[in-house]
Amino acid sequence: MRASRLRARAAALAALWCQARAVHTTIAAPCSYELVVKKSRFVALAAPVQSGDEAAAWIRAASDDQARHNCFAYRLADGSVRTNGDGEPSGTAGPPIAAAIAGAGLWDVAVLVRRYRLDGGAKLGTGGLVRAYGGAAAAVLGCAQQLQVVPHTPFSVSFDPADTGTVYRILGRYECTAPAAPVGPEGSERMRGRFAIPEGEADEVRRGLAEATQGRVRMGGSEAPTGADSAAGFGEEASDCLIVEQPAATPPPPPLPVSSPSPDLDAVEGLGALLEGFPLNQRQAALIWCRQIEAGSVALLILAGIEEDFIAALQPLRPSEQGELRGRLRAVAREVLGEDSEGEGGDRGDGKGR
């Protein structure tokens, strides 16, 4: 029984990884935004990152020792999310920043919000902090130019010089990472080059090249290389993707209208029962968030271990509402994972250090 649950959780995590690894949207370059709320100055900065180490290095460099708090969140394409409230009350800084990133539909992004207390500044309270940090993060991301990141696979090709025109007619629209050049003994040399092709188009390209050249072209991974092909390293495709960035074609879908009387919570299995009795705006926010990560059921949130990210997307919640929601999620976890699921994983709150 436990082994089957672990397999189900692994499958869910793999599905989320594959989804994130596919086409996703990030920002093109660092940007900043500043606002003042009740004599507290919030400076929000955002930057594209590709790993936790890169995010941590950027956050260290962008933090200001003169600020009262340097709060951050980052969200990576491998599905990992980290937040830090730097001494602010738990749940009021890091999670709202993370929720803003998720709400914008972005991956591989880090956001840092620095807070400075001005003379005579008033305390903002829990709700005010959530709105200030979340609003600053959403504003800076709204200023950023978006890029669509498309996974590409390295594609090597070897062909007769006479087939150069045919090969480039098919491959010319793709990025050339190693221009075709002659290799081999004079009089019997072949042209060899490398391209970056979207993962979903590789098979179609192979078929097109084989038909157009009547099988004369040799492609990476299609057959064992021989002679000069092997010496040049052609015919061997790298297992890692080459990521090619393109401008985002369309903006993310607009949020549900606040006036919507009845959000279709049934679109996410179990969401209606989970949020029964919660305010309309919280149910709408939950539905939007689940749609953005393409989570079709509450059970998937449990299997993937992202319950706290889900709760963060609904901020601000009163402590009693957070407790009620966590209790309901634990009940779902017991149904999905079994009675011994208590204690697995754990809450992911804000850290206290910088």
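Further up the page is the structure itself.
On a predicted model such as this, the values are computed, not experimentally measured, just so you know.

A. A look at the overall build of the protein chain. Helix and strand counts for the protein chain stand at 12 helices and 11 strands. Here the contacts in the protein chain between residues at least 6 apart in sequence split such that 71% fall between residues at least 24 apart.

B. Spatial organisation of the nonpolar core. Membership of the largest hydrophobic core comes to 27 residues, with the highest contact counts inside it found for Phe 42, Ile 97, Val 111, Val 113, Tyr 133 and Leu 141. Secondary structure elements with two or more residues in this core: strand S2 (31-37), strand S3 (40-48), strand S4 (69-75), helix H3 (94-103), strand S6 (109-117) and helix H4 (125-143). The leading source of residues in this core is H4, at seven residues. Those residues in contact with Leu 141 that lie beyond four places of it in its chain are Ala 46, Ala 100, Ile 101, Ala 104, Leu 106, Val 109 and Val 111.

C. Molecular detail of the pattern of salt bridges. Evaluated as defined, the whole model comprises seven salt bridges. Between Glu 34 and Arg 41 there is a salt bridge, with its nearest N and O atoms 2.6 Å apart. Asp 160 is the partner of Arg 190 in a salt bridge, and the nearest nitrogen-oxygen pair spans 2.8 Å. Here the residue Arg 190 occupies a position in strand S9 (residues 190-198), and Asp 160 occupies one in the loop between strand S7 (146-159) and helix H5 (164-171), the gap between them amounting to 30 residues. Look at Asp 160 and you get partly exposed, because its relative accessible area is 26%.

Quick notes on the rules
- By convention here, each chain's residues receive numbers from 1 onward along its written sequence.
- This being a predicted model, a pLDDT of at least 70 is required before a residue's local features are given, and a value of 80 or more before pairs of side-chain atoms are given or counted; all residues contribute to the totals for chains, interfaces and linings.
- Note that the side-chain values use all heavy atoms of the structure and ignore hydrogens as well as water.
- For helices the rule is a DSSP run of H or I covering at least 4 residues; for strands it is a run of E covering at least 2, with both sets numbered from the N terminus onward.
- In what follows, residue pairs with any heavy atoms lying within 4.5 Å of each other are defined as contacts.
- What we call a nonpolar core is a set of buried Ala, Val, Leu, Ile, Met, Phe, Trp, Tyr and Cys residues that are connected through their side-chain atoms within 4.5 Å.
- For each residue, the accessible area found with a 1.4 Å probe, counting protein chains only, is set against the maximum for its type, and the residue is called buried under 20%, exposed over 50%, and partly exposed in between.
- What counts as a salt bridge is simple: a side-chain nitrogen of Lys or Arg found within 4 Å of a carboxyl oxygen of Asp or Glu.

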